[in-house]
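Below, each chain spelled out in residue letters.
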Amino acid sequence: MNNRLRKITIVGGGTAGWMTALILDTEFSRTSATKDRPHICLIESPNIATVGVGEATVPRMPKTLREAGISERAFFRETNASFKLGVKFCNWNTDAKGKRIDYVNPFAHGQMLGGLEAAEYFLRFGNGDRDFTQSISPHDDLGRLCKGARPLGQPEFEQRFGYAYHLDAVKFAGMLTDVCTKRGVEHIRDEVKSVELDEQGNVSHLMLEHKGRHDIEMVIDCTGFRGLIINKALGEPFKDYSDYLPNDRALALQIEHPDPEKIESLTRSTALGAGWTWRVPLYNRVGTGYVFSSAHRTDDQAADEYLEWLGDSGKGATPRVIPMRIGRVRNAWVKNCVAIGLSGGFIEPLESTAIHMIDHAVRWFAEHLPTRDIAPSLRSRYNRQMNKLYDEVLEFICLHYRLGNRTDDQYWIDARTEMKIPDRLAENLELWQHRLPMAHDVEFATLFDFRVFFRRFCWASRSMTRAMVPASGIACVR
Ligand SMILES: Cc1cc2nc3c(=O)[nH]c(=O)nc-3n(C[C@H](O)[C@H](O)[C@H](O)COP(=O)(O)OP(=O)(O)OC[C@H]3O[C@@H](n4cnc5c(N)ncnc54)[C@H](O)[C@@H]3O)c2cc1C
């Protein structure tokens, strides 16, 4: 008997749901004859809003659009997108004299090979005032000059160096709805009221408010922080990361461009008293927000601080409060359900990694695509891979807090000294006291390889006192 999977149901119509539909459809058209492709159906509640943030991406995104046959020009137009060349960290660290130093984490790829260049850099400039990143990539300068990734008129997707986008999340989901439904994805606007399981504990069907019973072979839970199927119906436990990361709430507000002629091609992260703000400039507006710790500020205190930071552009506004569930489900794939997007987990938005993680989650699922009998080995390999991805991102985000040197608010002291860091990061930080970071120190890297750690490390070493500095290989190469 043919045991092929005939249908995949996605529940949720946010960025996660529609990206899952797009990438699966793209993969199936590449690898299977039309008659053999599973039918894709997406169910989305007309009453439950999407999270509506998540507007900064990383360099996987241009590749995804290109592979899916989406025109970059149309994407820019429809989602009010702008180029993003990296993330600018403002106010996170000060130098030894207490002067604020900013830093850009650029989407530089291939510009720096490793130990030799690094050694040469330090031999020439020492651990002084020059920023290492500016020496190896043009991203910081281009960002400051509000330049994009390439001159006007160049072919779409041309990659002179790494780039990504800022995009309007609601318009992006709208654009993907259009593309996917034209390619045959079935779209049902209805709310899942209950989830039923069979004797083996697999999801057998969903009860929809208007359309009634919907049979399930394989279901992708993209219901956001609710985790309707993975947590509520299947009871998969959530691994909370609050021991590692202090921030659990966000305030968000869209503001007008101070100068629409000048769109900075960088996401800004500015440290405030109890967290940091994001600034994501789109073509037609700027998305902003304050990610903070509820242990250090009430919502009202945080709102006052945030509005003061916004100045005139925030006058009279009431920011939206977004509680954040930080951590991940123990296993993203349980029985015949895979959780993708916020339902599977979320590590706070510093470095804009969530959409990147969605992208990988869908691709890896397509690579492990089961028959209707799901082999346990498929599930366990997929889960191991996803958990490694969470570890990768968690380590790099923790590094930012551990290497910060602010002492002006208890939040920053707690973030640096009270929070746990993953064991491997602790081991690497100890190692890097004695030599420079090397490729094999970071074994699993979809985004943050040793070069990214190295650049972050160089910046921090400009700002630390001798006692705090992992005095690092810097001493070794001198
Ligand atoms: C403050 C903040 C800032 C962020 N910034 C970034 C960033 O800069 N870059 C980045 O990559 N990511 C960022 N993220 C993460 C990003 O927003 C999400 O990963 C992304 O939007 C995907 O969300 P989602 O689709 O999983 O969930 P949601 O957008 O919440 O969508 C959930 C969907 O499920 C549907 N649904 C729920 N219940 C039911 C039901 N019972 N029946 C039917 N449908 C249902 C809803 O209608 C909705 O369509 C940020 C997140 C937060 C909280």
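Procedures and definitions
Residues numbered from 1 in each chain as written. Predicted model: local features only at pLDDT ≥ 70, side-chain atom pairs only at ≥ 80, totals over all residues. Heavy atoms only, no water. Axes fitted to C-alpha atoms, helices over the stretch in contact; angles between N-to-C directions. Helix = DSSP H or I, 4+ residues; strand = E, 2+ residues; numbered from the N terminus. Parallel < 35°, antiparallel > 145°, perpendicular 65-115°, else oblique. Left-handed = near helix turned anticlockwise from the far one by under 90°. Contact = heavy atoms within 4.5 Å. Nonpolar A, V, L, I, M, F, W, Y, C, P; charged D, E, K, R; others polar. Pairing = 2+ DSSP bridges. Salt bridge = Lys/Arg side-chain N within 4 Å of Asp/Glu carboxyl O. Buried < 20%, exposed > 50% of the residue type's maximum accessible area, 1.4 Å probe, protein only. Phe/Tyr/Trp six-rings, centres within 6.5 Å; stacked < 30°, edge-to-face > 60°. Expected span 1.5 Å × (residues − 1). Arc of directions from axis to C-beta. UniProt positions renumbered as here; feature names shortened; annotations may be inferred.

With an unreviewed UniProt entry as reference, the protein chain is termed Tryptophan halogenase, source organism Cribrihabitans marinus.

## Considering the packing of helix α3 (residues 72–79) against helix α7 (residues 169–182)
Contact geometry of α3 with α7 gives a least axis separation of 9 Å together with a crossing angle of 130 degrees. Taken together, the axes of α3 and α7 lie oblique to each other. Between α3 and α7 lies a crossing whose hand is right-handed. Residues Phe-75, Glu-78 and Thr-79 of α3 lie in contact with α7, whose contacting residues are Lys-171, Phe-172 and Met-175. By residue class, the composition of the contact of α3 with α7 is 3 nonpolar, 1 polar and 2 charged.

## Some thoughts on the sheet that holds strand β21 (residues 345–346)
Strand order in this open sheet of 3 strands is β12-β18-β21, and the pairing throughout is antiparallel. Each edge of the open sheet carries a strand with a single partner, namely β12 (238–240) and β21. Relative to strand β18 (residues 327–329), β12 runs antiparallel, the two being bridged by 3 bridges. Within β18, the position partnered with Asp-240 by the bridge is Gly-327.

## Here's the deal with the pattern of salt bridges
All told, the structure shown has 26 salt bridges when counted by the stated rule. Residue Glu-72 pairs with Arg-150 through a salt bridge whose shortest N-O separation is 2.4 Å. Here the residue Glu-72 occupies a position in helix α3, and Arg-150 occupies one in the loop between α6 (139–144) and β6 (164–166), the gap between them amounting to 78 residues. As far as the burial class goes, Glu-72 and Arg-150 line up, both buried. Note that Arg-213 and Asp-215 form a salt bridge whose closest N and O atoms lie 3.5 Å from each other. Since its relative accessible area comes to 54%, Arg-213 is described here as exposed.

## Here's the deal with the packing of aromatic side chains
How two aromatic rings sit relative to each other is set out by the distance from centre to centre and by the angle between their planes. Applying the stated criterion across every chain yields a total of 24 aromatic pairs. Here Phe-225 and Phe-346 contribute two aromatic rings whose centre-to-centre distance is 6.0 Å and whose plane-to-plane angle is 65 degrees, an arrangement assigned as edge-to-face. Taken as a pair, Phe-225 in the loop between β11 (218–221) and α8 (228–233) and Phe-346 in strand β21 lie far apart in primary sequence, 121 residues in all. Phe-225 gets classed as partly exposed once you look at its relative accessible area, which sits at 23%. Plain terms: the ring middles of Tyr-411 and Trp-412 are 4.9 Å apart, the flat faces sit at 90 degrees to each other, and that makes the pair edge-to-face.

## Examining helix α9 (residues 299–310)
Taking 1.5 Å as the rise per residue, α9 with 12 residues should run 16 Å; its terminal C-alpha atoms sit 16 Å apart, in good agreement. Considered for burial, the residues of α9 that qualify are Ala-302, Ala-303, Glu-305, Tyr-306 and Leu-310. The arc that holds the buried residues of α9, viewed along the axis, is 165 degrees, so those residues lie on one side. For α9, the exposed residues lying more than 90 degrees away from the buried face are Asp-300, Asp-304 and Glu-308. Taken together, the buried residues of α9 touch β13 (249–255), β14 (267–272), β15 (275–281) and β16 (286–292).

## Points about the UniProt feature "binding site: 7-chloro-L-tryptophan" (unreviewed entry) in the protein chain
Here the UniProt-annotated "binding site: 7-chloro-L-tryptophan" (unreviewed entry) positions come out as Lys-84. When residues no more than four places from it in sequence are discounted, the contact partners of Lys-84 are Ala-56, Thr-57, Phe-107, Tyr-163, Ala-164, Tyr-165, His-166, Ser-265, Thr-267 and Ser-352.

## A word on the UniProt feature "binding site: FAD" (unreviewed entry) in the protein chain
According to UniProt, the "binding site: FAD" (unreviewed entry) feature falls on Gly-13, Gly-14, Thr-15, Ala-16, Val-192, Leu-342 and Ile-355. Annotated residues spanning 343 residues; largest pairwise C-alpha distance 24.1 Å, indicating distribution over more than one region. Its location among the elements puts Gly-13 in the loop between β1 (7–11) and α1 (15–31). Note on Gly-13: relative accessible area 11%, which makes it buried.

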